[in-house]
Amino acid sequence: MRKSRGLARVAAPRDRFPAGPPPALFWGSRAPVALASPPIRLVMPAPLHVGLLYGGQSAEHAISIRSARTVYDALAARHRVTPIYIALDGQWHVTDGIGGDEEAAVFVPHGGEGTVTSADLGALGLDIVFPILHGHNGEDGTIQGFLHTLGLPYVGPDVLASAACMDKVVAKRLLEAAGLPTTPFVVIRAHERDGVAFEDVSEALGALVFVKPANSGSSVGVSKVEAADGFEAALDEAFLYDKTVLVETGIVGREIEVAVLGNERPAASVPGEIVSTAQFYTYDAKYEDPDASRMEVPANLPSEVAETVRRMAVEAYVALGCEGLSRVDFFVTDAGDVLVNEINTIPGFTSRSMYPVMWARTGRPIETLVDNLLQLGLDRHARDAARKTTR
């Protein structure tokens, strides 16, 4: 057995979440509040000119296209929608519908012949941008920073919240600091890999673990490991997608999700459950194989557990500084433990995606939902633009 140089981090096991309400948590001046539908203005300026940003340089490129079709259909009845497709080579193209013919590039970030500038995006005359980009270069704060620099309002969490939620290690540490229980974990960085053996990991986390890139989504690069002979291959796969790998205790429990919506006063949907026939909720189970999983919304939970996960979802959302929207994922064990798994700041909007379904079952159909998201983006932009930036 190789000698270990020590593990980067192991989260201490958490006691069962107490039956009573947890203490109020704050992000700045914001406190978690209502679990019912939030007080969002439904009157929208009509029509808005919405730039629907999709595709992206990400392993989740194909899922972004599928999500964009759903959002486009929901928006198009009320708003003027300009789809902007980011190709895998990084060029931005205005398209005729989702997946339609591409016009000449409106932005080429890498320079070279035919390069155009961000001014070409400004020439589109957009009122707001709706990013529906999953994973790297879209959900990690990069696009959000670019849109902020251009002065364009956009849907979803800001730069800091997007980056923090995308990095599972950072997110877990912030959740722990807020007193929210998460799955025990170990961090392995590429330059430390040779110093960590499966025996060390299993001693800290148990024999069943999941190995995943710290920055990825849709179960891309994730492996289930139950023995030493699969550990190196799992690390190989995860390190293809990131320089930092997270190894988590394999939790035996139900996978519960909650949709959160709002800015200063976020609210939670009814919980939903993913019931998967696969060994775990893989990329194929999520998007490719209709028989590999099913959604149960609302989840069949005792009322007190349902209220606990909804309350914790709002608290996690606030602790990470999210605004606009996010989906918060949990494990609920037979013993009654409720553990935050992760937060997705641009959740899927495909026909097999939980976020829009959970809000629909909470009484907010997708046409209303996307209007709410536009209004939240405009409100946040107006609020932030009023801040003083000079002495």
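Rules behind the numbers
Residues numbered from 1 in each chain as written. Predicted model: local features only at pLDDT ≥ 70, side-chain atom pairs only at ≥ 80, totals over all residues. Heavy atoms only, no water. Helix = DSSP H or I, 4+ residues; strand = E, 2+ residues; numbered from the N terminus. Contact = heavy atoms within 4.5 Å. Core = buried A, V, L, I, M, F, W, Y, C linked by side-chain atoms within 4.5 Å. Buried < 20%, exposed > 50% of the residue type's maximum accessible area, 1.4 Å probe, protein only. Arc of directions from axis to C-beta. Pairing = 2+ DSSP bridges. Axes fitted to C-alpha atoms, helices over the stretch in contact; angles between N-to-C directions. Polar contact = N/O pair within 3.5 Å; in protein donor to acceptor, adjacent residues only side chain to side chain. Phe/Tyr/Trp six-rings, centres within 6.5 Å; stacked < 30°, edge-to-face > 60°. Lys NZ or Arg CZ within 6 Å of the ring centre and 35° of its normal. Salt bridge = Lys/Arg side-chain N within 4 Å of Asp/Glu carboxyl O. pLDDT = per-residue confidence, 0-100. Parallel < 35°, antiparallel > 145°, perpendicular 65-115°, else oblique. Nonpolar A, V, L, I, M, F, W, Y, C, P; charged D, E, K, R; others polar.

**What to know about the side chain of H61**
- Its place among the elements puts H61 in helix 1 (residues 61–76).
- Excluding its chain neighbours within four sequence positions, the residues that come into contact with H61 are G55, G56, Y85, I86, A87 and L88.

**Thoughts on the nonpolar core**
- Judged by nonpolar contacts, the single largest core of 37 residues is most densely connected at F130, I132, F349 and L373.
- Where this core is concerned, the elements lending two or more residues are strand 1 (49–55), helix 1, strand 2 (80–86), strand 5 (128–131), strand 10 (254–262), helix 10 (354–361) and helix 11 (366–385).
- Ignoring sequence-local partners within four residues, the contact set of F349 consists of S67, T70, V71, I132, L325, Y355, P356, I366, L369 and L373.
- The next biggest cluster of nonpolar side chains, apart from the first, holds 30 residues, and it includes A164, A319, C322 and V328.

**Quick look at helix 3 (residues 142–150)**
- Along helix 3, the residues that are buried comprise I143, Q144 and L147. Along the axis of helix 3, the buried residues cluster in a sector spanning 100 degrees; they form a single face. In helix 3, the exposed residues that point more than 90 degrees away from the buried face are H148 and T149.
- On the buried face of helix 3, the contacting elements are strand 1, strand 2, strand 3 (92–95), strand 5 and helix 4 (159–166).

**Comments concerning the sheet that holds strand 9 (residues 244–249)**
- Strand order in this open sheet of four strands is 6-9-7-8, and the pairing throughout is antiparallel. This sheet does not close on itself; its edge strands, each paired only once, are strand 6 (185–189) and strand 8 (223–225). Shown here is a sheet whose adjacent strand axes are inclined to one another by a mean of 25 degrees, direction ignored.
- Bridge analysis of strand 6 against strand 9 gives five bridges, and the strand direction is antiparallel. Counterpart to R189 in the pairing with strand 9 is T244.
- In the packing of helix 5 (residues 168–177) onto the sheet, the strands contacted are strand 6, strand 7 (209–213) and strand 9, and the crossing angle to strand 6 comes to about 145 degrees.
- Its contacts with the sheet put helix 7 (residues 231–239) on strand 6, strand 7, strand 8 and strand 9, and the angle it makes with strand 7 is roughly 25 degrees.

**Re the side chain of E248**
- Note on placement: E248 falls in strand 9.
- Residue E248 is classed as buried on the basis of its relative accessible area, which comes to 4%.
- Within the structure, E248 has its side chain in polar contact with the side chain of K172 (distance 2.8 Å).
- Excluding its chain neighbours within four sequence positions, the residues that come into contact with E248 are K172, T183, P184, F185, L205, L208, V209, F210, K212 and N341.

**Regarding the packing of aromatic side chains**
- Applying the stated criterion to the full structure yields four aromatic pairs.
- Their ring planes at 55 degrees and their centres at 5.4 Å tell us that F198 and F231 sit as a pair that is tilted. Here F198, found in helix 6 (residues 198–205), pairs with F231, found in helix 7; they are 33 residues apart in sequence, far enough to count as distant. The same class applies to F198 and to F231, which are both buried.
- Here the aromatic rings of F349 and Y355 are separated by 5.7 Å at their centres, their planes lie at 50 degrees, and the arrangement is tilted.
- Look at Y355 and you get buried, because its relative accessible area is 0%.
- The aromatic ring of W359 is capped on one face by R364, whose charged end is 5.5 Å from the ring centroid.
- Here the guanidinium or amino end of R380 rests over the ring plane of Y154, the centre of that ring lying 4.6 Å away.

**Quick look at the pairing of strand 9**
- The element strand 9 is largely enclosed, with a buried count of six among its six residues.
- Across five bridges, strand 7 lies against strand 9 in antiparallel orientation. The partner of K212 across the bridge, within strand 9, is L246.

**Re the pattern of salt bridges**
- What the rule picks out here adds up to 16 salt bridges.
- Here the residues in one salt-bridge network are E264, E323, R380, R383, D384 and R387, joined through shared partners.

**Points about the environment of G51**
- Relative to the elements of secondary structure, G51 occurs in strand 1.
- In this structure G51 comes out as buried when scored by relative accessible area, which is 0%.
- Sequence separation of G51 and P131 is 80 residues, and the distance between their C-alpha atoms is 8.1 Å.
- Setting aside chain neighbours within four positions, we find G51 in contact with T82, I84, L126, I128, V129 and F130.

**Some remarks on the confidence of the model for the chain**
- Of the residues in the chain, 79% reach a pLDDT of 70 or more, and the chain-wide mean stands at 85.
- Considering only residues more than four positions removed or in separate chains, one finds that residues 8–34, a stretch of pLDDT under 50, has 63 contacts.

**Examining unusual backbone geometry**
- Note the cis peptide between V297 and P298, where omega equals 0 degrees.
- Tracing the sequence through the fold places P298 in the loop between strand 13 (293–296) and helix 9 (303–319).
- Positive phi is not limited to glycine here, since N137 has a value of about 60 degrees.
- You can see N137 is positioned in the loop between strand 5 and helix 3.

**Quick word on the packing of helix 1 against helix 11**
- Closest axis-to-axis distance for the helix 1/helix 11 pair is 9 Å, and the angle between their directions is 90 degrees. The orientation of helix 1 relative to helix 11 falls into the category roughly perpendicular. When helix 1 is examined against helix 11, the residues T70, A74 and L75 are found in contact with a partner set consisting of I366, E367, V370 and L374.
- Of the residues that constitute the contact of helix 1 with helix 11, the class distribution is five nonpolar, one polar and one charged.

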